[in-house]
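# Inside the fold
Each chain, letter by letter, is given below.
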Amino acid sequence: GEVGEVENRKIVRMQGVNPAALPTSYSQNGDEELLVLEYIENFRRQFVQLYPDRKELLLCPRNECGLEKFICTTIRPTKLEYNELYDLEACAFFVAEHIQYEALQDETQLPRYVPSPSSVLKWQIGDCIDMSILLASFLLGVGYDAYVVIGYADKTTCLADETNSAVPALKEQSKMRLPPGSAAGKAAEGVAPGYEVKLRPVLDSDFVMRHDKLVRLDERLVGDEKAPEKVADSEEEEKVAEDDLHGQRIHCWVLVRAGKREMAQDVFIEASTGKATSTDNPAYLGIEAVLNHQNYWVDFQRCSAVRDMSFDLDDFTKWEFIFMQSTVTSALKAEGDEEEDLGRDKHKTKGAAKEEVGVVIDTQGAEEIRESDHILDLPPSWVAKLHIDREDYLQRFAKENDETKLSKDYRRSRAELFAENSRKDGMVQRLTLYSDLARTSVREEQEVYANRKDKLVRRIRFYQPGIRIEAGRSESLIEESFDPGRIDALQKLIERKDGREFHFYHTATLDGMVKRIESFTRNRDPAKAPALHKVVETFEGHEARLNYRSITFEVIDAGHDAPLLKQQIEHPRKIAHKFDRELSAAADHDLAKKTFLTGMRPPRIHLQFHYGEGRITCATRTYTTEKTPNGDNFTVQEYVVDPFAKAMRFTEQRDEYLRLVADEKAAIGDFRDAEREAEKIRDARDKEEKHVELNKSLLVQLQEKKQLEATKPKEEESDVAHKYDYLAPYLPKLRADKGKALSKQDAQAVKDACLKALKERLIDRAHIIETRLEEDQAALTKRQVGYQRQDKDKASDDEEYEKFVHDAQFRIQILKQRRDRHEDIAKQKFKEMIERLQNDPRLAILNQ
């Protein structure tokens, strides 16, 4: 069955190990290790004899080479070079994600084989003991007081079954940055706002409270009628909870004691899941022993629950150790603290406790312990230093169905984690929520992305029976979130069956647009044009104080096709603008809302102004357009709050009316431009989803470059030699056979051409140096003559002249040295070229 398969998989992995490829410590035991094994066997016999009812201890299992090793020496404290693994939580989650968990081959028996943590890292699979030893090695390497615990746990913990647990929240790959100075940004930064609105007191009505109580009672009764589904779920959970081997399942986890690395309290860490819990977790049912790389402690408390246990390993009445290292440490501490008699009495009590087991410890003084020659020290770990390649570290997860990922099932949900850049779409996390316990009906999908060029970081898909965004899609709603940095400043895009929402980073837009909401009169149909009903746009920081803009269209019946979007925008039903308050202007003249009722007959333009201080009404003005044979006329209906205010003249009303007519045309143009930009965003999103591009790290780029160079065809040696041949430019170009020897005439021509070219290059170089030298000397002479002719009274001119002369003389000196050095080098290079040509086998005919 499954146990046999697990056993076979582990045995197959060990059979594939080549002892010759491993260090000798894996396949051989040194003299010190043999002595330790003999000592451990003596301890085991005494333990079995004194406590025959106790379970067997895991002391000396065989490693992957079939050699017995003391379990404590299998722990190899190691500090890796990755800063992330310096933290307790991050290190625990890395081990849980990097190593694939498999249950013990026999859950009630200790394993016969415990491989080294280095092999577990290589295989990326292991049981609870393998993963706990690996995690303890990492935690000890970074300074935690970590121990491997061998004991018993419930079935769900032993099988790492989290199907009845709540799904954890997805890890955010990027934190949405809030605009600086905003209220939300200040709250996130912990900055107290300068002004807070006082909350109004809550006024409760006794009648409403009694009514709500009755409503809740009715809902509870209705819920009891719908309880069969909940009853079925509870029955299924009860079946799962039944376990015939409760309290007998062997399990292994990690204990981190308080003290080191600012740990405030003892915690348990489940290596299979990476979760840290308190030591009173009821999932852990009992403990047989704890161990680290220095010692092995056997539990003698025999408490009914783990929460009642004490983890003071220096208390010999509760923990039985194998090696005397901790005892020696206690004795040395007692010697240095002569004034505390209570500490020495406690130390003698510990020694008496050891005599009961049959191991006598001399505690009369630390000097006698130091002078004792028969105290056995624990040898160092036989495991090589642990190492994880950067590529494996970045991959993070083990292979699962030919894909680098980690899948976990939770209550009505499934979480999948992927390595960065391992998928073409850049997905790193996916959480699927189901509406049933069997996980067959998908209700929601949450996806997290990383390193995408389109800045997509999160996508949420909702599914609802009978509701779809479009005929060709199964989602009822899609919500996409983006990081800052897009050209269109898009922050969020929401697709619904009855509309669409665009959210922007308004500080990155030209007009300060915050949101654009499109509403449809019916569900979208790919075969028909969208039937827009209303478009709402909000702004923040607009230069014209605009904070709201909307356009409404005529309602289109379901049986009729919608006109083209351009035609809809040209003939809207209503256009509305809202503005922020301008404090420098009077409220009766500060426009708050402007509405163009173009769909009414006759058309109207309604103006509403801001409320003045202490006012409960606001000024309004309505212009009505009247069509006449001689042109358009208008009438005005005005409400003035202040009866003493000066009335508008007709010319002022006419000018305002003409401005409003022009504003109406401009508003239609603005909506046309906004619709064009929205269409560009939709087209860009379609292209980005069809051709996903990822931002690759420098390491990934170097790896791809190496792979590309490895796949390139290698150049032949003859081509490489010809490419870097110093005679190649001078050899005859029309020779059909390159292997044919040169004639004496051709060889002499090649030699002369090569020497001539070298001579010309050297002469050109000398000419350049000489020209620069002459230019600097001429400039210096010219400046000296000019200085002698000018007025000598200015001290600033003297300083400038001295600086110029100093710099010029320095350059002239360097150029002279360079010229002399070039003459010597030129003679040497010419001589070396002659010798090289004489020794060249292709020109050997000249030496005959």
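All values reported here derive from a predicted model rather than from experimental measurement.

## A look at unusual backbone geometry
- Across the junction of R601 and P602, the peptide omega takes the value 0°, indicating a cis bond.
- Within the secondary structure, P602 is located in the loop between strand 22 (591-597) and strand 23 (604-609).
- Within the chain, Q124 stands out as a residue other than glycine whose phi angle is a positive 60°.
- With respect to the element layout, Q124 can be found in the loop between helix 5 (117-123) and strand 2 (125-126).
- For R545, which is not glycine, the phi dihedral falls at a positive 65°.
- The topology assignment puts R545 in the loop between strand 19 (532-539) and strand 20 (546-552).
- Classification of R545 by relative accessible area gives partly exposed; the value is 25%.

## Notes on the packing of helix 4 (residues 88-98) against helix 6 (residues 128-141)
- The N-to-C vectors of helix 4 and helix 6 enclose an angle of 150°; their axes lie 10 Å apart at closest approach. The angle between helix 4 and helix 6 falls in the class roughly antiparallel. The crossing of helix 4 and helix 6 is right-handed. Mapping the contact onto sequence places L88, C91, A92, V95 and A96 in helix 4 and M131, L134, L135, F138 and L139 in helix 6.
- The residue makeup of the contact of helix 4 with helix 6, split by class, is 10 nonpolar, no polar and no charged.

## Here we look at the pairing of strand 13 (residues 442-449)
- Most of strand 13 sits out of view: 6 of its 8 residues are buried.
- The sheet contact formed by strand 12 (residues 427-434) and strand 13 spans 7 bridges and is antiparallel. Bridged to R430 within strand 13 is E447.
- The sheet contact formed by strand 13 and strand 14 (residues 456-462) spans 5 bridges and is antiparallel. Its bridge partner lying in strand 14, E447 is registered against R459.
- The antiparallel hairpin formed by strand 13 and strand 14 contains 6 residues in its connecting segment, where N451 sits at a positive phi of about 65°.

Reading the values: rules and limits
Numbers given for residues are sequential positions, taken from 1 along each chain in its written order. Only residues with pLDDT of at least 70 get local features here, since the model is predicted, and only at 80 or more are side-chain atom pairs given and counted; chain-wide, interface and lining totals rely on the full set of residues. Only heavy atoms go into the side-chain values, all of them from the structure, while hydrogens and water stay out. Secondary structure elements are defined from DSSP: runs of H or I of at least 4 residues count as helices, runs of E of at least 2 residues count as strands, and each element is numbered from the N terminus. Each residue is assigned to one of three classes by its accessible area relative to the maximum for its type, calculated with a 1.4 Å probe on protein chains only: buried under 20%, partly exposed between the two thresholds, exposed over 50%. Axis definition: a line fitted to C-alpha atoms, over the contacting stretch in the case of helices. Angles run 0 to 180 degrees between N-to-C directions. An angle below 35 degrees is read as roughly parallel, one above 145 as roughly antiparallel, one from 65 to 115 as roughly perpendicular, and any other as oblique. A crossing counts as left-handed when the near helix is turned anticlockwise from the far one by less than a right angle, and as right-handed when that turn is clockwise. Contacts are assigned to residue pairs with any non-hydrogen atoms lying within 4.5 Å of each other. Under this grouping Gly is polar, as are all residues other than the nonpolar Ala, Val, Leu, Ile, Met, Phe, Trp, Tyr, Cys and Pro and the charged Asp, Glu, Lys and Arg. Two strands make a pair as long as DSSP finds a minimum of two bridges between them.

Purely spatial values, then, with no claim about function.
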